[in-house]
Amino acid sequence: MKYKKNNKFIIHGGKQLHGEVFVQGSKNASLPIMSACLLSKEKIVLKHIPDIVDVHNMILILKKLGVKIIKRNGNLYINSQQANGEKLDCKLAKTMRSSLFLLGSMLSRFKTATITAPGGCKIGKRPIDIHIQALKKLNVKVFNDGELIHFDASKAKASKVKLRLASVGATENIIQFSSLLEGKTVIENPAKEPEVVDLANFLNSMGAKITGAGTNKITIYGVKSLYGTIYTPAGDRIATGTILIAVAFAGGKVEIKNSIPEQNEKLLQILVKMGCKIKIKNDIITISKTSSLKSVGEIATGYYPNFPTDLQSMMLALSCVASGKTCVSENIFENRFLTIPELEKMGANITKIHEKQVVVNGVKMLTGAKVKALDLRGGASLVLAGLYAKGVTEVSNAHFIDRGYDHLEDVLTKLGADIRRI
Ligand code: EPZ
């Protein structure tokens, strides 16, 4: 799809950020929770859901499955009573990874599901072998005809599944699928990300019996049916991290509300080491930065609670303006350094060691340039670098950023940034 207008950010660097932000609802909690609404035939209200493209696409897919959804003042009023088992809309399913979360709820509700083999995306191949291996262990039949993958759960049986990798999506699919599957299902080596805990809390609020979310073993006792509920997903920890790094770049002092500080523990530790001041009171993080930054030395992404891959591009960008060298290792995705050539257009000095590791040599200043967002979080890293760079930075392909951020330019403008959209 060609985006003609309103798809560029124009940023004049050098403005400090001051004020307070109420962080958007978590994208990566909202998407699996929206999928899990298929598991109940009663009314559900989801509150403070972010107004982002991935949520909009998920609404379209759910409506194609016959789910009634009304969006009002940031809340979603959902009723899946009339949902039917048609093939997930392949055209839409291809547009995003998040529809894969529907696999677990569709199989539970309709007993069969057909999805396109996810085409992967810019940051990696995005295979689904772990999802398939786990579902097969639960006696789901899987048939791949090349373009489409067909699943049949008519003879599914509760069992113990051990994930090869702590895949967030696979964990969330198994939790959804086994919530209404008679018997005891155990997930070993599950993802421990907060979004998995949010999904489990949501389902338990509907009468599910899920324990151990956030630990090394999740146990699910299937129940006969799930009630309706009113639920508010947690604040978005990656959007929180984005604002923290924005202040670390631009300087100033900002209060961040609706965050859960311990979910950003690794980032907060790094920012303090680099020279930022952090104060935490209840769910409010106050960050200020008045002096120049020094390198933290090493940033390595890993499964939660290690440093999140979704903040890697932004921290790589911040390291470009910290004094000293920073070794950045991306251990989750195979191609998540896409933003490097764009940062180099702004004067960054980065040496690639191998496809999963780079060394950033800090420079005094970045200069505004015309750069392209190539993926969601890489695009955000360029906007943040533009807040710091001397002169004007133009970030095109803003639609990538709209996938995960709820009007990022408005949030930054309210804090004093000089950013507009054309
Ligand atoms: C979720 O993606 C998030 N997306 C991603 O956020 C996040 O980066 C990722 O978890 C890791 O935290 C949503 O929640 C919508 P994975 P997911 O399955 O579930 C490999 C963002 O920017 N893998 O934990 O797709 C996979 O290739 C997005 O908000 C297999 O090999 O991530 C990757 O290397 C980007 N086989 C690693 O595991 C599988 O069957 C982690 O993937 C599944 C995954």
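Residues numbered from 1 in each chain as written. Predicted model: local features only at pLDDT ≥ 70, side-chain atom pairs only at ≥ 80, totals over all residues. Heavy atoms only, no water.

*Asks:* Hey, could you go over empty space enclosed by the protein for me, with residue numbers and the actual values?
*Replies:* Enumeration according to the criterion identifies 1 cavity of 30 Å³ or more in this entry. Quantified by volume, the largest cavity comes out at close to 30 Å³. Lining the largest cavity, in full, are Ser26, Pro194, Glu195, Asp198, Ala234, Gly235, Arg237 and Gln263. It is helix 7 (residues 194-204) that contributes the most residues to the lining of the largest cavity, 3 residues altogether. Split by residue class, the lining of the largest cavity holds 2 nonpolar, 3 polar and 3 charged. When residues are assigned to domains, the lining of the largest cavity turns out to be shared by domain 1 (8-24 + 235-421) and domain 2 (27-231), each giving three or more. (1 Å grid on protein atoms, 1.4 Å probe; cavity = no way out; pocket = protein on both sides within 12 Å on 5 of 7 lines; lining within 4 Å. Points joined across faces, edges and corners; volume = space filled by probe spheres on them. Helix = DSSP H or I, 4+ residues; strand = E, 2+ residues; numbered from the N terminus. Nonpolar A, V, L, I, M, F, W, Y, C, P; charged D, E, K, R; others polar. Domains from an automatic or database assignment.)

*Asks:* How would you explain helix 8 (residues 237-250) if you had to name every residue and give the values?
*Replies:* With 14 residues, helix 8 should cover 20 Å at 1.5 Å per step; its first-to-last C-alpha distance of 20 Å lies within 8% of that length. Of all 14 residues in helix 8, 14 are buried, a share of seventy percent or more. Just downstream of helix 8, glycine 251 is the residue with a positive phi angle, here 80°. (Expected span 1.5 Å × (residues − 1). Buried < 20%, exposed > 50% of the residue type's maximum accessible area, 1.4 Å probe, protein only.)

*Asks:* A description of the pairing of strand 3 (residues 43-46) should follow, citing residues and the corresponding values.
*Replies:* Bridge analysis of strand 3 against strand 5 (residues 75-79) gives 4 bridges, and the strand direction is antiparallel. Across the sheet, lysine 43 pairs through a bridge with asparagine 79, a residue of strand 5. Bridge count for strand 3 against strand 13 (residues 229-231) is 3 bridges, and the pairing is parallel. Each residue of the ladder has a partner; that of valine 45, found in strand 13, is isoleucine 230. (Pairing = 2+ DSSP bridges.)

*Asks:* Please give an account of the packing of aromatic side chains that cites residues and values.
*Replies:* Here the structure, examined in full by the defined rule, presents 2 aromatic pairs. Considering the side-chain rings of phenylalanine 249 and tyrosine 388, the 5.9 Å spacing of their centres and the 50° angle between planes classify their relative orientation as tilted. With phenylalanine 249 in helix 8 and tyrosine 388 in helix 12 (residues 376-388), the pair connects residues that are 139 residues apart, well separated along the chain. Residue phenylalanine 249 shares its accessibility class with tyrosine 388, and that shared class is buried. (Phe/Tyr/Trp six-rings, centres within 6.5 Å; stacked < 30°, edge-to-face > 60°.)

*Asks:* Can you explain the domain arrangement of the protein chain? Please cite residues and give values.
*Replies:* Domain boundaries in the protein chain define domain 1 (8-24 + 235-421) and domain 2 (27-231). Summarising the inter-unit geometry, the C-alpha centres of domain 1 and domain 2 are found 30 Å apart. Between domain 1 and domain 2, the contact holds 26 residues from the first and 19 residues from the second. Of the roughly 2000 Å² buried between domain 1 and domain 2 on both sides combined, carbon and sulfur atoms contribute 54%. Ranking the residues of domain 1 by area buried against domain 2 places Tyr303, Tyr304 and Arg403 at the top, with a combined share of 30%. Where domain 1 meets domain 2, there are 2 salt bridges. Close ionic contact of glutamate 195 with arginine 237 constitutes a salt bridge, the shortest N to O distance being 2.7 Å. Connecting domain 1 to domain 2 are 7 residue pairs in polar contact (both at pLDDT 80 or more). Secondary-structure elements contributing two or more residues to the side of domain 1 that touches domain 2 are helix 12 and helix 13 (398-402). Within the side of domain 1 that touches domain 2, the residues separate by chemical class into 10 nonpolar, 6 polar and 10 charged. (Contact = heavy atoms within 4.5 Å. Buried area = accessible area lost by both parts, 1.4 Å probe. Salt bridge = Lys/Arg side-chain N within 4 Å of Asp/Glu carboxyl O. Polar contact = N/O pair within 3.5 Å; in protein donor to acceptor, adjacent residues only side chain to side chain.)

*Asks:* Which residues make up the layout of surface pockets, and what values go with them?
*Replies:* The rolling of a water-molecule-sized probe over the atoms marks out the regions of remaining empty space. Looking at the second largest pocket, its volume works out to about 410 Å³. Surrounding the second largest pocket, 20 residues form its lining, Val21, Phe22, Gln24, Asp406 and Val411 being those nearest its centre. For the lining of the second largest pocket, the secondary structure elements donating two or more residues are strand 2 (17-22), helix 8 and helix 14 (408-414). The element that contributes the greatest number of residues to the lining of the second largest pocket is helix 14, accounting for 4 residues. Counting residues domain by domain, the lining of the second largest pocket receives three or more from each of domain 1 (8-24 + 235-421) and domain 2 (27-231).

*Asks:* Explain the sheet that holds strand 13 residue by residue, including any values.
*Replies:* With mixed pairing, 4 strands are arranged side by side in an open sheet as 4-5-3-13. Two strands in the sheet have a free side with no partner beyond their single neighbour: strand 4 (68-72) and strand 13. Each adjacent strand pair in this sheet contributes to an overall mean axis angle of 15°, direction not counted. Strands strand 3 and strand 13 of the sheet are contacted by helix 7, whose axis makes an angle of about 150° with strand 13. (Axes fitted to C-alpha atoms, helices over the stretch in contact; angles between N-to-C directions.)

*Asks:* Give a description of the pattern of salt bridges that names residues and reports values.
*Replies:* Applying the stated rule across the entire model yields 13 salt bridges. Among the ionic pairs, aspartate 129 bridges to arginine 164, the shortest N-O distance being 2.7 Å. Here the residue aspartate 129 occupies a position in helix 5 (residues 129-137), and arginine 164 occupies one in the loop between strand 9 (160-162) and helix 6 (168-178), the gap between them amounting to 35 residues. Residue aspartate 129 is classed as partly exposed on the basis of its relative accessible area of 33%.

*Asks:* Could you give me a rundown of unusual backbone geometry, with the residues and numbers involved?
*Replies:* Residue proline 305 follows tyrosine 304 across a cis peptide bond; omega there is 10°. The topology assignment puts proline 305 in the loop between strand 17 (298-300) and helix 10 (312-319). Its identity is not glycine, yet lysine 111 carries a phi of approximately 70°, on the positive side. On the secondary structure map, lysine 111 appears in the loop between helix 4 (102-110) and strand 6 (112-116).

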